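Spelled out from the first residue to the last, the chains are:
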Amino acid sequence: MADQLNIDTIRTNLQGKHGDEYWRSLEELAETDEFREFLHREFPREAAVWDESYGRRQFLMLMGASLALGGLNACTKQPAERIVPYVKSPESLVPGESLSFATAMVQGGYAAGILVTSHMGRPTKIEGNPDHPASLGATDAITQASVLSLYDPDRSQVPTNRGLISTRDKFLQELESALRAQKSVGGAGLRILTETVTSPTLGAQLRELRRQFPKAQWHQYEPVNLDNERQGAMLAFGAFAQSRYHLDKADVVVALDSDFLIHGPGAVRYARDFAQKRKVAGDKKTMNRLYAVECSPSNVGAVADHRLAVNSREVETLARMIARTVGIAVGGPDLPQHKQWIELLGQDLLGNRGSSALIAGPYQSANVHALVHAINQHLGNAGKTVTYSDPVEIEPVDQSESLRALTQEMHAGAVNTLIILGGNPAYDTPADLEFKQALGKIPLSVHLGLYNDETAAESTWHVPQAHYLETWSDARAYDGTTTILQPLISPLYGGVFSQHELLEEVLGRTGRKSHDIVKEYWRDRTRSGDFEKFWEISLNDGVVANTSLPAKSFRVRLPDSVRNGSAQKNSGFEVLFRPDPTIWDGRYSNNGWLQELPKPLTTLTWDNAALVSPSTAESQNLENGNVIELRSGDRTIEAPVWVLPGHVNNAVTVHLGYGRTHAGRVGKKRGFNAYALRTSASPWSAGSVVLAKTEKRVRLAATQMHHSMEGRQLVRSAPLKEFLANPNFAKELGAVPTSEQTLHGQHEYDGYAWGMSIDLTACTGCNACVVACQSENNIPIVGKEQVLAGREMHWIRIDRYYKGSIHDPETVFQPVTCMHCENAPCEVVCPVAATVHDSEGLNVMVYNRCIGTRYCSNNCPYKVRRFNFLQYSEEDEPTIAMQKNPEVTVRSRGVMEKCSYCVQRISSARIEAKKESRSIRDGEVVTACQAACPSQAIVFGDINDQSSRIARLKAEPHDYSLLAELNTKPRTTYLAKVTNPNDKLA
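The rules behind these values
Residues numbered from 1 in each chain as written. Predicted model: local features only at pLDDT ≥ 70, side-chain atom pairs only at ≥ 80, totals over all residues. Heavy atoms only, no water. Helix = DSSP H or I, 4+ residues; strand = E, 2+ residues; numbered from the N terminus. Contact = heavy atoms within 4.5 Å. Pairing = 2+ DSSP bridges. Axes fitted to C-alpha atoms, helices over the stretch in contact; angles between N-to-C directions. Parallel < 35°, antiparallel > 145°, perpendicular 65-115°, else oblique. Expected span 1.5 Å × (residues − 1). Buried < 20%, exposed > 50% of the residue type's maximum accessible area, 1.4 Å probe, protein only. Core = buried A, V, L, I, M, F, W, Y, C linked by side-chain atoms within 4.5 Å. Phe/Tyr/Trp six-rings, centres within 6.5 Å; stacked < 30°, edge-to-face > 60°. Lys NZ or Arg CZ within 6 Å of the ring centre and 35° of its normal.

Caption draft 1: Geometry of the environment of glycine 565. With respect to the helices and strands, the residue glycine 565 is situated in the loop between helix 21 (560-563) and strand 19 (573-579). Sequence separation between glycine 565 and asparagine 367 is 198 residues, and the spatial gap between their C-alpha atoms is 9.0 Å. When neighbours within four sequence positions are excluded, glycine 565 is seen to be in contact with Arg320, Gly331 and Gly332.

Next comes the structure, spelled out in structure tokens:
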């Protein structure tokens, strides 16, 4: 939205709100003209089929042409499709049946265990591995979307030499010649640059490389790394240590600039443990409490019971104040305005010794991490809610220092051969190091990567890398548990290398395959007499047994540099750098699912923006879409503004990963490059930044105001004390049907009656369910222009609501799917019975009946139906078509679609039950959104089974229906959000 936001009007309108009144956006509070138009239209203005200025004559002309073209389209000859049968079908391949294989996806070097569904040799869907400690059956949005990257037609397919297509043999010849020269000098000019390495096999290869080339050096770098955590452990313990949190045992959790529920090696597991401790259902009427101190709004801050927004340099001061409050002698100034908040927090921590946990984020200094270690140990949390082990990385290093040392040598001409295994350092390294310029000085640089990216463009050779679903490898999880990665499909493109295969070429062992390399490593290190049995069990389970790192005890000894702190002064604006919530550091920028996935708090798609607070926007005369210039020293960037409630004042948050110059068709030239302002000395913030408004504007595509429900009471929340006093508060907050009369008649269900329950207390807004649904149900992406027109196609959306002040609002996430109403308003208006009620309570769509009247969408009060305005499916891309789930119809233009409760999964379970002459068991049908949810906020099942989990949840007193007053009787209901604020801070 681009209307002028009047902050004074917003404040005035907020004063008129009472009780539990929620709002979605600043535009809604300001009551802009564009917002009013949203309330009177089914779709935003841009989605109108024709301009309202057309007269009767133009209208008839357009309609006549549309009808004629519609008739012609029905006669259009479809493209020919060749079907090539197997001459001899593989034994394990049964047409129509899917197989699942255990493997792992590696992010930031750390493995998350997954199960990958394969149809006829094509990986189509990813689920979490319930036996893997990092996932326990769940996933995150990025992991869900990674299967699309496998089939990306823009992936690198051939080796290139100085930008020109070449061959694998020519590359190997030049590499061999360079290595022969290096061997004569002990590898003095040879450097290897990798991302974070936890692979035992890769670590062994790199150690062998340094044995053959004793003067060669191995460097590691990730744009989002754990440097501060490692340095903090060194300050506190005198050694590198890995922290592991056991949030299922923590009654009080304090996050210091940490989005631990969404980001980090253990985020999926932490979300599960945290939510289990938080849910109130059945006999459990206690819950944990979460305090969040943060600089930029995050999902953790959104679900926190108490949130404090501060400048990034104030976080260390607050950490010192917490330490002093609990009895640790450390120096440093106070922040008087927050003293009471910290004192009450300290009292809560002291009252929960041994059952509390403090977590510092990777964006904070090593001093903050050291102080957190000291506080956790002082409170008796160490060994209970927090345990320590040796680092998971094969060789933990300060990656920023490692990169700096490499770059200096490159500039000095000391590097003759550089081999880059993954990553994109020419794009994502700090601007002050000038890595891209240094890369051009090296006689032979080899880049192994999935894409012809910025680093490939500057390297002598670029070699295509195998996707993780195409190759063998191994990797460790956040607790050290190792998974052997197995491929689901042969490489789609020729000439690709895995990291293992390229290193074998460097080691002089030509032509070896990843399978043999990984298997040989484990054969040499397996004590079991029956190695083949060990190998099969490890592949089947997705974990190598007994490989988690044992807990170790460390004693805190804070050095004087940490104990004696001093105030850090702020001047000018501060820029905060954060990885993007969907495309991360830029490596997923060509993934359309992630580009179109609304970011959790802003709901922006296809772009990044400079996030500012309402007060900052008011003082600088800024509104959404205004382009500002940010200047830090001699570096500048231009970025469009997005006003975000709850953001700290006099600061700007920019997300990394955009502004790509060399990417595929999806990710190229989108947004701005925040790396251009980032420095190695301060990678997560920049102070004394000058902000200047320009005359430019950019249209930003946000989804929050699409499908507005006119301000009706949709989310319900209450503090724990109020819930215990009145468990039925959620039902009392909403209106009740004025009449039980209906046009539908009474539905009787003798068999199954499917339903869903969504727990708002547990939902963290992570978006994993949205991408899981997209992957399972062949939902297309539509592009930025169509999102601007209100035509996004997601079957499930995460609405974000605010309550209270625009400067420090309470936030609630609400997943919204099709409600599968008993009295479905969509069914009675469909002229061709394309949307009907089935015998098990599902509101189903018969796609080949639909003629696109959109009557059902107009009549749906929940705004959950999606219409295919255009031909969104990628018919011209054969590799993209390979990803489609064959159990779900790929819809064409002119068809209405929506959530189906994953009816294909219900059918599959029914077939298995019939084979065994039994009923479908509780929990046997798991929808895609339910399976992906890290916090287990979504539960699906048979309501008629009174012993089922879904029946018990729907009997909870705080269960409620959306818009119950309409008497639609939804099958999807919600458990109202319950919070646990500190009464003294409320």
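Caption draft 2: Structural detail: the sheet that holds strand 35 (residues 938-942). Strand order in the open sheet made by the four strands is 35-28-37-36, with mixed pairing throughout. One side of each edge strand has no neighbouring strand; the edge strands of this open sheet are strand 35 and strand 36 (959-960). Inspection of the sheet shows strand 28 (residues 754-759) paired to strand 37 (residues 972-975) by four bridges, in the parallel sense. Bridge pairing in strand 37 links isoleucine 758 to tyrosine 974.

Caption draft 3: Broad picture of the packing of helix 7 (residues 200-212) against helix 19 (residues 514-525). Their axes nearest at 9 Å, the elements helix 7 and helix 19 cross at an angle of 90°. In terms of orientation, helix 7 lies roughly perpendicular with respect to helix 19. Where helix 7 approaches helix 19, its residues Pro200, Thr201, Ala204 and Gln205 are matched on the opposing element by Ile517, Val518, Tyr521, Trp522 and Arg525.

Caption draft 4: Highlighting helix 30 (residues 903-915). Relative to the 18 Å expected for 13 residues at 1.5 Å per residue, helix 30 spans 19 Å between its end C-alpha atoms, a close match to the ideal helical length. If you check which residues of helix 30 are buried, you get Gln904, Arg905, Ile906, Ala909 and Ala913. Looking at the buried residues of helix 30, the elements they touch are strand 3 (122-128), strand 28, helix 26 (768-776), helix 31 (928-932) and strand 35. Looking one or two places after helix 30, you find serine 917, whose phi comes out positive at around 55°.

Caption draft 5: Geometry of the pairing of strand 12 (residues 356-360). Buried residues dominate strand 12, accounting for five of its five residues. Both faces of strand 12 are covered, namely the face carrying Ser356, Leu358 and Ala360 and the face carrying Ala357 and Ile359.

Caption draft 6: Spatial organisation of the nonpolar core. If you look at the biggest cluster of nonpolar residues, it comprises 210 residues, and the most contacted ones within it are Leu247, Phe260 and Leu630. In contact with leucine 247, other than residues within four places in its own chain, are Val253, Phe260, Tyr270, Asp273, Phe274, Lys277, Ala357 and Ile359.

Caption draft 7: Representation of the environment of leucine 576 in the model. Note that leucine 576 resides in strand 19. In this structure leucine 576 comes out as buried when scored by relative accessible area, which is 0%. Here the alpha-carbon distance between leucine 576 and valine 654, two residues 78 residues apart in the chain, equals 6.2 Å.

Caption draft 8: Here's a closer look at the packing of aromatic side chains. One pass over the structure, following the stated rule, counts 22 aromatic pairs. Seen from their ring centres, tyrosine 752 and tryptophan 754 are 5.2 Å apart, and the 20° between their planes marks the pair as stacked. The class of tryptophan 754 is buried, set by a relative accessible area of 2%. With centroids separated by 5.5 Å and ring planes inclined at 10°, the aromatic side chains of tryptophan 754 and phenylalanine 940 adopt a geometry described as stacked. With a gap of 186 residues between them, tryptophan 754 in strand 28 and phenylalanine 940 in strand 35 connect regions that are remote in the sequence. Residue tryptophan 754 shares its accessibility class with phenylalanine 940, and that shared class is buried. Across the ring face of tyrosine 427, the terminal group of arginine 660 is positioned such that the distance to the ring centre comes to 5.0 Å.

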